[in-house]
Amino acid sequence: MAGRLEGKVALISGAARGQGRSHAVRFAEEGADIVGFDICGQVATAPYPLATTEDLKETQRLVESLGRRMLTAEADVRDRAAISALIQNAVEEFGRLDIICANAAFTCYVPNTWSITEAQWNDMLGVNLTGVWKTVSAAIPAMIAAGNGGCIAITSSSAGTKGMVNLGHYVTAKHGVVGLMRTLANELAEHSIRVNTIHPTGVRTKLLDNDHIRDFLAAHPEWDSNISNALPVDLLEPEDISNAIVWLASEEGRYVTGVALPVDAGFAGK
C-alpha cells in the first residue's frame, strides 16, 4: 500500500536531530525522498550544543533504512548560497520538490528584552526568521517549476501565539514567520502551493533538554505556569509534530493554507 507522500521529495532544514530528524523519518515512512541540511556546528550565541555531523549521518541512515533516498549537506540556514546549491543538486537528483519544511531553530532565555545583546538578537532572528525566509525563497522557484503544487510547513511555536517573558527575541522571530506564511499563502495559491505554520508547545528535543534550559527553569520556578498545557502532558514527542505536517503535506490537507496550526496540547487556549 502506497504511503501518503509516495513519490514526493521533501526539503528539511535542521534535519540532523530533534523534530527535523523525526520529520525526515516520518516522511520517508510515507514514501518521500528527503533533502536535509543542518549547520552541524555552533551558532555563536546558542547556549547549548547544536547538532553534529554524526547526527546528520544518523538521520540519513534512518531514512535509507526505510528504503528511501536522502541527499544531505552541512549548511547554515543563514547561508542562502549554500541552500541554493543544495536545492540545485536535489532537483538534478530527484527531478522535483514537493515539500519544504522550514524547521531549523534554536532558543535562549534572557533576563528581559532590553538586555538582549545585538549578537543574541542578530543570531536569533538570523536563524529563526531570516533563515526561514532564505530557505523558502531559495526553494520556491524549484517547486513552482516542477508544476506539482506542494506544501510549505514553517515551524513556529507556542511563542508565536503570545508574548512570553525572557524570550523577546525568540517570540519576535516566531511571530515573524506567521506574517511570512500568510503572505506566501496568498502569493503561492495560484501555483497550488499551500503554506502553513505549525505551533508546538514544548517538544522532547535538545532544544529543551539541555543544561541552559534546566538551569533557567530551576532558578525561575514561576515559569512553570508559563509552559503548562491544558492536557495532562508535559512535553509532546517530535512525532506528534511530524504527524501534523504529514497530514498537511498529503492529499488530506490539500485545501489547508494560510493557517497557524497549533499542536500544543491546549497551551494556547489556557
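First, a word on what this report is: a plain description of the structure on this page.

How each quantity is defined
- Residues numbered from 1 in each chain as written.
- Predicted model: local features only at pLDDT ≥ 70, side-chain atom pairs only at ≥ 80, totals over all residues.
- Heavy atoms only, no water.
- Helix = DSSP H or I, 4+ residues; strand = E, 2+ residues; numbered from the N terminus.
- Buried < 20%, exposed > 50% of the residue type's maximum accessible area, 1.4 Å probe, protein only.
- Core = buried A, V, L, I, M, F, W, Y, C linked by side-chain atoms within 4.5 Å.
- Contact = heavy atoms within 4.5 Å.
- Pairing = 2+ DSSP bridges.
- Axes fitted to C-alpha atoms, helices over the stretch in contact; angles between N-to-C directions.
- Right-handed = clockwise from strand over helix to strand, strands pointing away.
- Phe/Tyr/Trp six-rings, centres within 6.5 Å; stacked < 30°, edge-to-face > 60°.
- Lys NZ or Arg CZ within 6 Å of the ring centre and 35° of its normal.
- Parallel < 35°, antiparallel > 145°, perpendicular 65-115°, else oblique.
- Left-handed = near helix turned anticlockwise from the far one by under 90°.
- Nonpolar A, V, L, I, M, F, W, Y, C, P; charged D, E, K, R; others polar.

1. As for unusual backbone geometry
Outside of glycine, negative phi angles account for most residues, and trans bonds account for most peptide bonds. Positive phi is not limited to glycine here, since Asn166 has a value of about 70°. You can see Asn166 is positioned in the loop between strand E5 (150-155) and helix H5 (168-188). According to the relative accessible area criterion, Asn166 is buried, its value standing at 13%. Look at Ser192: it is not a glycine, yet its phi comes out positive at around 60°. Secondary-structure assignment places Ser192 in the loop between H5 and strand E6 (193-200).

2. Topic: the side chain of Asn128
Secondary-structure assignment places Asn128 in helix H4 (residues 118-146). By relative accessible area, Asn128 is classed as buried at 1%.

3. Here we look at the nonpolar core
Counting 55 residues, the largest nonpolar core has Leu11, Ile100, Phe106, Val136, Ile152, Ile154 and Val195 as its most contacted members. Beyond its immediate stretch of four places on either side in the chain, Val195 contacts Ile152, Ile154, Met181, Leu184, Ala185, Leu188, Thr257, Gly258 and Val259. Within the second largest apolar cluster, 31 residues are counted, among which are Ala10, Ala24, Phe27 and Ile245.

4. A few points about the sheet that holds strand E4 (residues 99-102)
Spatial strand order, E3-E2-E1-E4-E5-E6-E7: seven strands in an open sheet with parallel pairing. Sheet topology places strand E3 (70-74) and strand E7 (260-263) at the edges, where each strand pairs with a single neighbour. The sheet shows a mean angle of 15° between the axes of neighbouring strands, taken without regard to direction. As judged from the four bridges shared by E6 and E7, these two strands associate in the parallel manner. Directly across from Ile198, in E7, lies its bridge partner Leu261.

5. As for the pairing of strand E1 (residues 9-13)
Counting buried residues along E1, five of its five residues qualify, which places the element largely inside the surrounding structure. With burial as the criterion, each face of E1 is covered, one bearing Val9, Leu11 and Ser13 and the other bearing Ala10 and Ile12. Two strands pair when backbone bridges link them, and E1 and strand E2 (residues 33-38) are joined in this way by five bridges, in the parallel orientation. Note that in E2 the partner of Val9 across the bridge is Asp33. Between the parallel pair E1 and E2, the chain is carried across by helix H1 (residues 18-29), and the sense of this crossover is right-handed. Pairing analysis gives three bridges linking E1 to E4, with the strands arranged parallel. By the bridge assignment for E4, Leu11 is matched with Ile100.

6. Let's talk about the packing of aromatic side chains
All chains considered together, the criterion is met by three aromatic pairs. Centre to centre, the rings of Tyr109 and Phe216 are 3.8 Å apart; their planes meet at 5°, and the pair counts as stacked. Taken together, the residues Tyr109 in the loop between E4 and H4 and Phe216 in helix H6 (residues 211-219) connect sequence positions 107 residues apart. Given the relative accessible area of 11%, Tyr109 is considered buried. Here the aromatic rings of Tyr109 and Trp223 are separated by 5.1 Å at their centres, their planes lie at 75°, and the arrangement is edge-to-face. With a gap of 114 residues between them, Tyr109 in the loop between E4 and H4 and Trp223 in the loop between H6 and helix H7 (238-249) connect regions that are remote in the sequence. Connected via pairs of aromatic rings, a cluster forms that spans Tyr109, Phe216 and Trp223. Note that Arg80 overlies the ring of Trp133, its terminal NZ or CZ placed 5.5 Å from the centroid.

7. Describing the packing of H1 against helix H2 (residues 53-65)
Two measures define how a pair of helices packs: the angle their axes make with one another and the distance between the axes. Running from amino to carboxyl end, H1 crosses H2 at an angle of 15°, the nearest separation of the two axes being 9 Å. Taken together, the axes of H1 and H2 are roughly parallel relative to one another. Two packed elements cross with a definite hand, and for H1 against H2 that hand is right-handed. Residue-level inspection shows Arg21, Ala24, Val25 and Ala28 of H1 in contact with H2, the latter providing Asp55, Glu58, Thr59, Leu62 and Val63. In the contact of H1 with H2, the residues fall into five nonpolar, one polar and three charged.

Note that every value here comes from positions in space, so none of it alone points to a role or purpose.
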